Amino acid sequence: MVATVALGLLAVRGRGGRGGGGGGLAEWSVGGRSLGTVFIWVLMAGEGYTSFSYLGAAGWGYNYGAPVMYVVAYMSCGYAVGYVVGPMLWDYARRHGLVGISDMVAHRYGRPWLGAAVAVLATVFLLPYIQLQITGMGVVVSTVTYGTVPLEWAYFIAFAVTTGFVVVSGLRGSAWVSVLKDVLVIGTLGFLAVYVPLHYFGGYGELFDRLAAERPQWLTLPGAGSGEGGRGRLGVAWFASTSVLNALTVVIFPTTVAGYLGARNADALRRNAILLPAYNVLLFVPMLLGMAALFVVPGLAGAESNLALFKLVVDSLPAWAVGVIGVAAALSSIVPMAVFMLVIGTMWGRSVLSLVPRWSSGERQKLASQLVVVAAGTIALVMTYTAPNTLVRLSLVSYEGMAQLVPMLLLGLVWRRFTMAAAVSGLVAGVGVVCGLVFTGNDPVWGVNAGMVALAVNLAVALAVIRLGRGRASKAGEGGGRGGWKDWGDWGDRDDGRPDEEVLARDPQPLPVVGGGR
């Protein structure tokens with residue numbers, strides 16, 4: 001942990017002027033848009049390898065089996081989508097000096113309040129992830145220290161370590177710590193992939209023979225656990241719809257976009273999209289070892305099943321090896337938690353607090369963002385202690401809720417006629433549907449991921465609003481309702497009917513646009 005803080009702090013030495021203060025908001029939040037292929041790779045890989053990789057993936061493998069493979073499916077498909085979308089988002093943000101999705105929305109639709117609303121909504125969906133990483137690290141630290149470090153202290157350590165280097169070094173510090181984390185993750189998971197099957201079963205052949213003979217339902221969809229919380233409905237339709245939905249969502253997830261915007265150029269993102277799927281191979285390790293734990297530590301129930309992998313580790317390895325694996329798992333909580341906190345701080349500093357004149361300057365925005373980082377982490381920490389189930393319940397809807405921003409951002413990216421009214425109407429409808437379905441226990445619905453159903457409603461409402469608006473504009477003689485909303489083109493000007501050449505002649509070097517104003 002000491003090395004982690006030191007590495008995070010050293011990452012900004014020599015950058016941002018005298019004293020290594022880290023420069024302005026762009027340097028702090030997106031690494032000055034200067035990270036190359038290697039740093040972008042470890043940063044985005046680090047975001048994909050959270051405490052879920054050691055706890056949740058093994059727990060799902062232990063409880064349900066094959067359905068957990070959706071994680072590998074959606075991440076690999078998401079990287080393919082990101083090959084196209086990442087450079088587009090990066091280029092648009094670079095042209096206009098933007099540093100996050102709330103910034104982009106405010107600029108695209110010309111409404112600062114809309115960017116602020118997206119920042120608030122995204123914060124609601126991201127806070128559960130911070131809380132879950134704090135909880136995950138606490139469980140890991142307490143387990144690998146054989147209970148010597150209590151959960152309460154482990155929670156605080158997670159908060160203090162992450163906040164310490166994020167406030168000072170921002171995205172660049174997270175990228176450097178990701179290097180340390182990736183070395184440990186690759187080494188420990190690679191070791192466990194060989195050691196556990198050999199130690200307990202004599203090899204993978206024997207492990208799969210035993211699974212096929214004694215637990216065959218773990219090897220096919222819909223997996224094991226029929227009738228337990230509806231998990232028996234995790235069939236082919238759920239697997240396919242979840243993979244597609246998450247692949248679309250992961251490319252506009254605020255933390256993913258932060259990685260995109262930190263790149264030195266678009267080619268670094270394309271190379272990254274090609275390389276990242278290879279890292280997914282490691283995800284099979286905790287999934288398979290979770291199934292192996294069925295025979296070694298049977299009877300784990302509820303939240304205890306998430307410790308399936310670590311039960312094997314603590315049972316079979318010496319204390320120093322348990323410690324090394326514990327550090328790798330702890331860093332798998334710290335790195336993504338750092339990026340989540342950083343993104344929340346950036347969105348609030350740039351899109352919410354910047355609406356207050358006192359906080360609208362560049363240095364003030366950075367200070368506001370850093371203060372929000374501390375506040376967000378503190379809220380998640382306090383909720384972990386006092387009301388853990390509140391944020392955990394919100395996490396059920398967080399990813400599917402974030403998916404409802406896909407039309408607003410991506411359709412706005414490629415379609416000039418996608419109006420603000422359509423974007424907002426679709427978003428409200430989609431979030432309402434997904435909350436209604438998830439909180440009433442109807443996820444999946446008809447065997448399909450509730451988020452996909454909500455996204456279909458979102459698109460239908462948005463298209464209906466566009467159609468209605470064009471019809472009214474045509475009756476009013478406005479040529480099909482083309483004018484009046486912000487264009488996502490190279491210049492971000494209102495589409496007033498003039499050719500782009502005239503716009504360029506009037507304003508050949510447009511200034512960066514903050515919050516939708518010029």
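Re the overall build of the protein
Counting its secondary structure elements, the protein contains 22 helices and zero strands. Here the protein, with 518 residues, has 55% of them falling under the buried criterion. A sequence separation of at least 24 residues applies to 79% of the contacts in the protein between residues at least 6 apart.

Looking at the environment of Gly-59
Of note, Gly-59 is situated in helix α5 (residues 56-63). Setting aside residues no more than four positions away along its own chain, Gly-59 makes contact with Ser-305 and Asn-306.

Side note on the packing of aromatic side chains
Tallied over the entire structure, the rule returns 16 aromatic pairs. A ring pair is formed by Tyr-204 and Phe-208, whose centres lie 6.3 Å apart and whose planes are at 25°; its orientation type is stacked. Linking Tyr-204 with Phe-208, this pair stays in helix α10 (residues 204-214), spanning four residues, or about one helical turn. Overall, the relative accessible area of 30% leaves Tyr-204 in the partly exposed class.

Observations regarding helix α16 (residues 319-352)
Taking 1.5 Å per residue as the helical rise, α16 with its 34 residues ought to reach 50 Å, and the 48 Å between its terminal C-alpha atoms agrees with that figure. Within α16, 28 of the 34 residues are buried, which leaves the element mostly enclosed by the surrounding structure.

What to know about the pattern of salt bridges
Following the criterion strictly, the structure yields six salt bridges and no others. Asp-91 is the partner of Arg-95 in a salt bridge, and the nearest nitrogen-oxygen pair spans 2.9 Å. Taken as a pair, Arg-95 and Asp-91 lie in helix α6 (residues 70-96) at a separation of four residues, close to a single helical turn. When its relative accessible area of 36% is taken as the criterion, Arg-95 is described as partly exposed. Judged by relative accessible area, which is 24%, Asp-91 ranks as partly exposed. Its salt-bridge partner being Asp-182, residue Lys-181 comes within 3.3 Å of it at the nearest N-O pair. For the pair shown, Lys-181 and Asp-182 are each scored as buried. Several salt bridges converge on common partners, so that one network encompasses Asp-91, Arg-94 and Arg-95.

Some words on the packing of helix α7 (residues 101-109) against helix α19 (residues 406-414)
A pair of packed helices is characterised by two quantities: the angle between their axes and the separation of those axes. Where α7 meets α19, the axes come as close as 11 Å, and the angle between the chain directions of the two elements is 55°. When the interaxial angle is binned, α7 and α19 end up oblique. In terms of crossing hand, the pair formed by α7 and α19 is left-handed. Along its contact with α7, which presents Ile-101, Met-104, Val-105, Arg-108 and Tyr-109, the element α19 presents Met-408, Leu-409 and Gly-412.

Remarks on helix α8 (residues 112-144)
Between its first and last C-alpha atoms α8 spans 47 Å; for 33 residues at 1.5 Å apiece the expected length is 48 Å, and the two agree. Taken as a whole, α8 carries its principal kink of about 30° at Phe-125; the proline Pro-128 stands between one and four residues after it. Of all the 33 residues making up α8, 24 are buried; the element is thus mostly covered by neighbouring parts of the structure.

Quick notes on the packing of α6 against helix α13 (residues 266-279)
Between α6 and α13, the least distance of the axes is 9 Å, while the angle of their chain directions is 175°. As summarised for this structure, α6 and α13 are arranged roughly antiparallel, according to the angle between their axes. Across the interface between the two elements, Ser-76, Tyr-79, Tyr-83, Gly-86, Pro-87 and Trp-90 of α6 pack against Ala-266, Leu-269, Arg-270, Ala-273, Ile-274, Leu-276 and Pro-277 of α13. Along the lines of polarity and charge, the residues of the contact of α6 with α13 split into 10 nonpolar, two polar and one charged.

A closer look at the side chain of Ser-398
Looking at the element boundaries, Ser-398 is found in helix α18 (residues 388-402). At 3.4 Å, the side chain of Ser-398 and the side chain of Tyr-129 are in polar contact. Contacts of Ser-398, omitting those with residues within four sequence positions, involve Phe-125 and Tyr-129.

A closer look at a nonpolar patch on the surface
Together, Tyr-83, Val-84, Met-88, Ile-274, Leu-275 and Val-414 line one region of the surface with nonpolar side chains, adding up to about 550 Å² of accessible area. Of all the secondary structure elements, the ones that give two or more residues to the nonpolar patch are α6 and α13. For the nonpolar patch, the element with the most residues is α6, which contributes three residues. Within the secondary structure layout, Ile-274 lies in helix α13.

Some points on empty space enclosed by the protein
In total, this model carries two cavities of 30 Å³ or more according to the counting rule given. In this structure, the second largest cavity encloses a volume near 40 Å³. Looking at the second largest cavity, the residues that line it are Ile-101, Val-105, Val-118, Ile-252, Leu-405, Met-408 and Leu-409. Sorting the residues of the lining of the second largest cavity by element identifies α7 and α19 as the ones contributing at least two each.

Procedures and definitions
Within each chain, residues carry numbers counting from 1 in the order of the written sequence. Local features in this predicted model are restricted to residues of pLDDT 70 or higher, and side-chain atom pairs are both shown and tallied only at a pLDDT of 80 or more, whereas totals for entire chains, interfaces and linings draw on every residue. Heavy atoms from the whole structure form the basis of all side-chain values; hydrogens and water molecules are not counted. Runs of H or I in DSSP of at least four residues are treated as helices and runs of E of at least two as strands, each being numbered from the N terminus. When accessible area is computed with a 1.4 Å probe and restricted to protein chains, residues below 20% of their type maximum are described as buried, those above 50% as exposed, and intermediate ones as partly exposed. Whether two residues touch is decided by their heavy atoms; if any such pair falls within 4.5 Å, the residues are in contact. Ring pairs shown here join Phe, Tyr and Trp side chains whose ring centres sit within 6.5 Å, with only the six-membered ring taken for Trp; geometry is labelled stacked below 30 degrees between planes, edge-to-face above 60, and tilted in between. The span one expects for a helix is its residue count, reduced by one, times 1.5 Å. Note on definitions: salt bridges are taken to be side-chain nitrogens of Lys or Arg within 4 Å of carboxyl oxygens of Asp or Glu. Think of each axis as a best-fit line through the C-alpha atoms, taken over the contacting stretch in the case of a helix, with angles from 0 to 180 degrees between the N-to-C directions. Note on terminology: angles under 35 degrees are roughly parallel, angles over 145 are roughly antiparallel, angles of 65 to 115 are roughly perpendicular, and the others are oblique. What makes a crossing left-handed is the near helix being turned counterclockwise from the far one by less than a right angle; a clockwise turn instead makes it right-handed. Note that bend, as reported per residue, equals the angle between axes fitted to the 7 residues terminating at that residue and the 7 residues originating from it. Gly is put with the polar residues, along with every residue not named as nonpolar or charged; the nonpolar set is Ala, Val, Leu, Ile, Met, Phe, Trp, Tyr, Cys and Pro, and the charged set is Asp, Glu, Lys and Arg. Whenever two N or O atoms come within 3.5 Å, that pair is a polar contact, provided that in protein one can donate a hydrogen and the other can accept it, and provided that, for residues adjacent in sequence, both atoms are side-chain atoms. The patch calculation keeps residues exceeding 30% relative accessible area without a salt bridge and links them within 9 Å when they carry like charges or within 5 Å when they are nonpolar (Val, Leu, Ile, Met, Phe, Trp, Tyr). Computed with the Shrake-Rupley method and a 1.4 Å probe, the accessible areas treat only the protein chains shown as cover for residues. Each cavity reported here is a set of points on a 1 Å grid over the protein atoms alone in which a 1.4 Å probe fits but cannot get out, each pocket an open set with protein on both sides within 12 Å along at least five of seven lines, and each lining residue one with an atom within 4 Å of a point. Grid points are joined across faces, edges and corners, and a volume is the space filled by probe spheres set on the points.

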